[in-house]
Amino acid sequence: MTRRRPYWKDIENMTTVGFIGSGSIGSTIARLAVAAGHQVVLSNSRGPETLANTVAELGPRASAATREEAAAAGGIVVVTVPVTAFPDVPAAPLAGKTVIDTCNYGPDRDGHIPELDGTSLTSSELLLRYAPDAELVKAFNTIYFKHLLSLARPAGAADRSYLPIAGDSAPAKAAVTEFIASIGYGVVDAGPLADSWRQATGTPVWGTPYGPASNEKGRPAGADAIRAALATATR
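Residues numbered from 1 in each chain as written. Predicted model: local features only at pLDDT ≥ 70, side-chain atom pairs only at ≥ 80, totals over all residues. Heavy atoms only, no water.

Participant: Help me understand the environment of Pro-87, please; the structure alone is not making it clear to me.
Facilitator: Topologically, Pro-87 is positioned in the loop between strand S4 (76-79) and strand S5 (98-101). A sequence separation of 57 residues divides Pro-87 from Tyr-144, and the C-alpha atoms of the two residues are 25 Å apart. (Helix = DSSP H or I, 4+ residues; strand = E, 2+ residues; numbered from the N terminus.)

Following this line, the structure appears as structure tokens:
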């Protein structure tokens, strides 16, 4: 009898996605990624054993590991942690990799960081100080996790929603665009990391285009709506 290849070998463009942080946004991205045929390796600050229930729920394409192992395993790595945890992000295994930064700065949670309170730095640029060799792309930080789950649509759908991304590496942006497309969203290029303040907490593109959190299903937001919201941001 011929042994069948592992199922993931039959999925074109399958990516292993590593997660540094597995909170609401991270676990939602992981859920969408698994549904799209990707493998995911989850991690958090408390250890792999604390992710057993999440892994069991996600199924055989999911596993748990340490932060260093998840970073090393991922073809794409998602960093989804509080800004105060940036010093704990493992830099070495992220070198040369496409890294998605979902993080938002919030003084109430993170304390005041003068450079982020002012205009000299974005939170993504701060993360890059701790992982200087990563190919960083800002994404997924503008959408409520329940909306992220409910608004995913197949390519070509009339009500497909879009997400802004920012980054300095064209190849990394292309990889993130392909990944985001695979899990149900289009992309609007919001420029370099220095311009990622346009999608920071409290800006017009942050949450608002997808509807209020009280509406858990959200509302679709097309490319034009996202571009318009980015354009009206002030610093």
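That covers the picture; the talk isn't over yet.
Participant: Explain the environment of Thr-177 to me, please; I cannot follow it from the model alone.
Facilitator: Structurally, Thr-177 is set in helix H8 (residues 170-182). Those residues in contact with Thr-177 that lie beyond four places of it in its chain are Ile-165 and Val-187. (Contact = heavy atoms within 4.5 Å.)

Participant: Can you help me understand the packing of aromatic side chains in this one?
Facilitator: Two numbers describe a pair of aromatic rings. These are the distance of the centres and the angle of the planes. Tallied over the entire structure, the rule returns 1 aromatic pair. Here the aromatic rings of Tyr-144 and Phe-145 are separated by 5.1 Å at their centres, their planes lie at 70°, and the arrangement is edge-to-face. Of the residues examined, Tyr-144 reaches a relative accessible area of 27% and is grouped as partly exposed. With a relative accessible area of 26%, Phe-145 lands in the partly exposed category. (Phe/Tyr/Trp six-rings, centres within 6.5 Å; stacked < 30°, edge-to-face > 60°. Buried < 20%, exposed > 50% of the residue type's maximum accessible area, 1.4 Å probe, protein only.)

Participant: Mind showing me how you'd approach the sheet that holds S5 here?
Facilitator: Either a parallel or an antiparallel arrangement is found when strands of a sheet pair, and the pairing is made through backbone hydrogen bonds. Within the open sheet, the 8 strands sit side by side as S3-S2-S1-S4-S5-S6-S7-S8. Their pairing is mixed. The outermost strands of the open sheet, each flanked by one partner alone, are strand S3 (62-64) and strand S8 (186-189). Each strand axis lies, on average, 30° off the axis of its neighbour in the sheet, ignoring direction. In this sheet, S8 lies alongside strand S7 (residues 162-167) in parallel orientation, the contact comprising 4 bridges. Opposite Pro-164, over in S8, you have Val-188 as the bridge partner. H8 rests against strand S1 (16-20), S4, S5, strand S6 (135-138), S7 and S8 of the sheet, and its axis sits at about 160° to S7. (Pairing = 2+ DSSP bridges. Axes fitted to C-alpha atoms, helices over the stretch in contact; angles between N-to-C directions.)

Participant: How do you make sense of H8 when you look at a structure like this?
Facilitator: For an α-helix, 3.6 residues make a turn, and residues three or four places apart therefore share a direction. When the terminal C-alpha atoms of H8 are compared, their 18 Å separation across 13 residues agrees well with the 18 Å that a helix rising 1.5 Å per residue should span. For H8, every residue scored as buried is listed here: Ala-172, Lys-173, Val-176, Phe-179 and Ile-180. Seen along its axis, H8 keeps its buried residues to an arc of 125°; they face one direction. Away from its buried face by more than 90 degrees, H8 exposes Ala-170 and Pro-171. The N-capping residue of H8, defined by a side-chain oxygen 3.2 Å from the backbone nitrogen of Ala-172, is Ser-169. Positive backbone phi, approximately 115°, marks Gly-184, located one or two places after H8. (Expected span 1.5 Å × (residues − 1). Arc of directions from axis to C-beta. Polar contact = N/O pair within 3.5 Å; in protein donor to acceptor, adjacent residues only side chain to side chain.)

Participant: What should I look at first to understand the layout of surface pockets in this one?
Facilitator: In this approach, a probe sized like a water molecule rolls over the atoms, and the result shows the empty space that is left. Approximately 730 Å³ is the volume found for the largest pocket. At the level of elements, helix H1 (24-35) and helix H7 (145-150) are the ones that each hand at least two residues to the lining of the largest pocket. The element contributing the most residues to the lining of the largest pocket is H1, with 3 residues. Its residues assigned to classes, the lining of the largest pocket comprises 16 nonpolar, 17 polar and 4 charged. A volume near 360 Å³ is recorded for the second largest pocket. If you go around the second largest pocket, you meet 18 residues; those closest to its centre are Tyr-105, Leu-116, Trp-197, Ala-200 and Thr-201. Its residues assigned to classes, the lining of the second largest pocket comprises 6 nonpolar, 9 polar and 3 charged. (1 Å grid on protein atoms, 1.4 Å probe; cavity = no way out; pocket = protein on both sides within 12 Å on 5 of 7 lines; lining within 4 Å. Points joined across faces, edges and corners; volume = space filled by probe spheres on them. Nonpolar A, V, L, I, M, F, W, Y, C, P; charged D, E, K, R; others polar.)

Participant: Could you clarify how one ought to interpret the pairing of strand S2 (residues 39-42) in this entry?
Facilitator: Regular strands have side chains that alternate between both faces of the sheet. Going residue by residue along S2, you find Gln-39 and Val-41 tucked away on one face and Val-40 and Leu-42 tucked away on the opposite face as well. In this sheet, S2 lies alongside S1 in parallel orientation, the contact comprising 3 bridges. Bridged to Gly-18 within S2 is Val-41. Note that S2 and S3 share 3 bridges and pair parallel. Each bridged residue has a counterpart across the sheet, and for Val-40 the counterpart in S3 is Ala-62. Between S2 and its parallel partner S3, the chain crosses via helix H2 (residues 52-58), and the hand of that crossover is right-handed. (Right-handed = clockwise from strand over helix to strand, strands pointing away.)

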